[in-house]
Amino acid sequence: MIDRRRFLKSLGAGAGVLIALPALPALATTKKVAIHLDKFDKLKPVGGWIVVRVKDTELLIVHDAEGSVRAFDPTCTHLKCTVGYRPEDRRLVCPCHASTYDLDGVVLGGPAPRALKRYDAVLKDDTIVLTLDDAGS
Ligand code: FES
């Protein structure tokens, strides 16, 4: 049988250990994926865009300028419709309730409450290198 003093002492030591443990940061990792511009006719010209699934990640990729592409999660932050691109005014546009975003994904109008998630995308020699979240797949 354990006496009261030892019992309380063991609780104190246990609590001390729990308090002393630091919170572990989330282990976010990324992966780089290359896709070739030649495989997507709609993306080749400046102003072209596509919605495509790459390694389990749905992406809106916009060829916004010569030698430049941008990539976003196309899920509208309002009610999750798929956002497209309107090259005439260089806006990302949701077809459901007309939210508009700029080419940084920032909301310009409509009911969308937050910016679109943006992914790093680099175009070099007709190859697009995307930096995606690595969900372990
Ligand atoms: Fe995009 Fe409503 S779902 S504006």
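First things first, this report covers the structure right here in the doc.

Thresholds applied
- Residues numbered from 1 in each chain as written.
- Predicted model: local features only at pLDDT ≥ 70, side-chain atom pairs only at ≥ 80, totals over all residues.
- Heavy atoms only, no water.
- Helix = DSSP H or I, 4+ residues; strand = E, 2+ residues; numbered from the N terminus.
- Buried < 20%, exposed > 50% of the residue type's maximum accessible area, 1.4 Å probe, protein only.
- Contact = heavy atoms within 4.5 Å.
- Areas by Shrake-Rupley, 256 points an atom, 1.4 Å probe, with all protein chains shown as cover.
- Pairing = 2+ DSSP bridges.
- Axes fitted to C-alpha atoms, helices over the stretch in contact; angles between N-to-C directions.
- Salt bridge = Lys/Arg side-chain N within 4 Å of Asp/Glu carboxyl O.

What follows is about the overall build of the chain. Secondary structure assignment for the chain yields one helix and 10 strands. Secondary structure elements in the chain, listed N-terminal to C-terminal, are α-β-β-β-β-β-β-β-β-β-β. A buried classification covers 34% of the 137 residues belonging to the chain. Considering only intrachain contacts with a sequence separation of at least 6, the fraction spanning at least 24 residues in the chain is 43%. Summed over all atoms, the accessible surface of the chain reaches about 8900 Å², with 57% contributed by carbon and sulfur.

Bringing the environment of leucine 130 into the picture now. For leucine 130, the position within the fold is in strand 10 (residues 127-133). The class for leucine 130 is buried, based on a relative accessible area of 0%. Each C-alpha atom, one on leucine 130 and one on valine 54, is 9.3 Å from the other, the two residues being 76 residues apart in sequence. When near neighbours in sequence (up to four residues on either side) are disregarded, leucine 130 contacts Lys31, Lys32, Val33, Ile35, Val54, Leu59, Ile61, Ala71, Asp120 and Ala121.

Strands belonging to one sheet form pairs held by backbone hydrogen bonds; the direction of such a pair is parallel or antiparallel. Within the open sheet, the four strands sit side by side as 5-6-7-8. Their pairing is antiparallel. Of all strands in the sheet, those with a lone pairing partner are strand 5 (84-86) and strand 8 (107-109), marking the two edges. Bridge analysis of strand 5 against strand 6 (residues 91-93) gives three bridges, and the strand direction is antiparallel. Directly across from tyrosine 85, in strand 6, lies its bridge partner leucine 92.

One open sheet accounts for six strands, arranged 1-10-9-4-3-2; its pairing is antiparallel. For this open sheet the edge positions go to strand 1 (30-36) and strand 2 (49-54), each flanked by a neighbour on one side alone. Averaged over all neighbouring strand pairs, the angle between strand axes comes to 25 degrees, with direction disregarded. With two bridges joining them, strand 4 (residues 68-72) and strand 9 (residues 118-124) adopt antiparallel strand pairing.

Right, let's get into unusual backbone geometry. Here arginine 90, not a glycine, exhibits a phi torsion of approximately 55 degrees, which is positive. In this structure, arginine 90 sits in the loop between strand 5 and strand 6. Given a relative accessible area of 37%, arginine 90 falls into the partly exposed group. With a phi angle near 65 degrees, aspartate 126 is a residue other than glycine that sits in the positive phi range. Take aspartate 126: it is sitting in the loop between strand 9 and strand 10.

This model, assessed by the stated rule, comprises six salt bridges. Note that aspartate 41 and lysine 44 form a salt bridge whose closest N and O atoms lie 3.2 Å from each other. Residue aspartate 41 is classed as exposed on the basis of its relative accessible area of 58%. Its relative accessible area of 36% is what places lysine 44 among the partly exposed residues. Put simply, arginine 86 and aspartate 89 hold a salt bridge, and the shortest N to O gap is 2.7 Å. What makes aspartate 89 partly exposed here is its relative accessible area of 32%.

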